[in-house]
Amino acid sequence: MARAIAIIIARFIFSFIFFMAAGFKFADIGATASYIAAAGFPMATFLTWVAAFFEIALALAFISGAFFTEASLLAGIYVIFLAFAFHGPSHWQQNQAEFGFFVDHFTFLAGLLFAAVHGPERWALRQTFLR
């Protein structure tokens, strides 16, 4: 039972993080688009919308357990992309805190990979209704 509770708590944490990230984007699309454009990406506003809806989809997958393993792997790829795109080595000389942000993404990746391997445990939409 303790294992199931720990995994459920982890699912809520993952879900909360992605809901919160999407919420910040929706709250100020322009600011996020400016941040994306400053990193050198074209079509920044479009990419902001795509990222926000992608994060909502990830959050829903984590909270429901539906497509949990797939969502964990996609989230891992996304998190590492963000690490390199926005906090990578080119940012470290200007602000050493960026190195810490960069490393934090890898600890997040470790949790996501662990989740992908172990699955959503009990009370997952996919396990309950789709199989």
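Our subject is the structure that appears above.
Small disclaimer: the values here were computed from a predicted structure and weren't measured.

Caption draft 1: Just the nonpolar core, in detail. Formed by 15 residues in total, the largest nonpolar core has its most connected members in Phe-14, Phe-18, Leu-58, Phe-62, Ala-75, Phe-108 and Leu-112. At the level of elements, helix H1 (2-27), helix H3 (44-64), helix H4 (68-87) and helix H5 (97-118) are the ones that each hand at least two residues to this core. Non-local contacts of Phe-18, meaning those with residues more than four positions away in its chain, are made with Glu-55, Leu-58, Ala-59, Phe-62, Ala-75, Tyr-78, Val-79 and Phe-108. Residues Ala-33, Ile-36, Ala-44 and Ala-85 belong to the second largest nonpolar core, which totals five residues.

Caption draft 2: The packing of aromatic side chains, seen in detail. Here the structure, examined in full by the defined rule, presents 17 aromatic pairs. Ring centres 5.3 Å apart and planes at 70° place the aromatic pair Phe-26 and Phe-53 in the edge-to-face group. Of this pair, Phe-26 sits in helix H1 while Phe-53 sits in helix H3, and the two are 27 residues apart along the sequence. Arranged with centres 6.2 Å apart and planes meeting at 85°, the rings of Phe-84 and Phe-106 form a pair that is edge-to-face. Taken as a pair, Phe-84 in helix H4 and Phe-106 in helix H5 lie far apart in primary sequence, 22 residues in all. Here the aromatic residues Phe-14, Phe-18, Phe-62, Phe-68 and Phe-108 are joined through ring pairs into a cluster of three or more.

Parameters and conventions
Residues numbered from 1 in each chain as written. Predicted model: local features only at pLDDT ≥ 70, side-chain atom pairs only at ≥ 80, totals over all residues. Heavy atoms only, no water. Core = buried A, V, L, I, M, F, W, Y, C linked by side-chain atoms within 4.5 Å. Buried < 20%, exposed > 50% of the residue type's maximum accessible area, 1.4 Å probe, protein only. Helix = DSSP H or I, 4+ residues; strand = E, 2+ residues; numbered from the N terminus. Contact = heavy atoms within 4.5 Å. Phe/Tyr/Trp six-rings, centres within 6.5 Å; stacked < 30°, edge-to-face > 60°.

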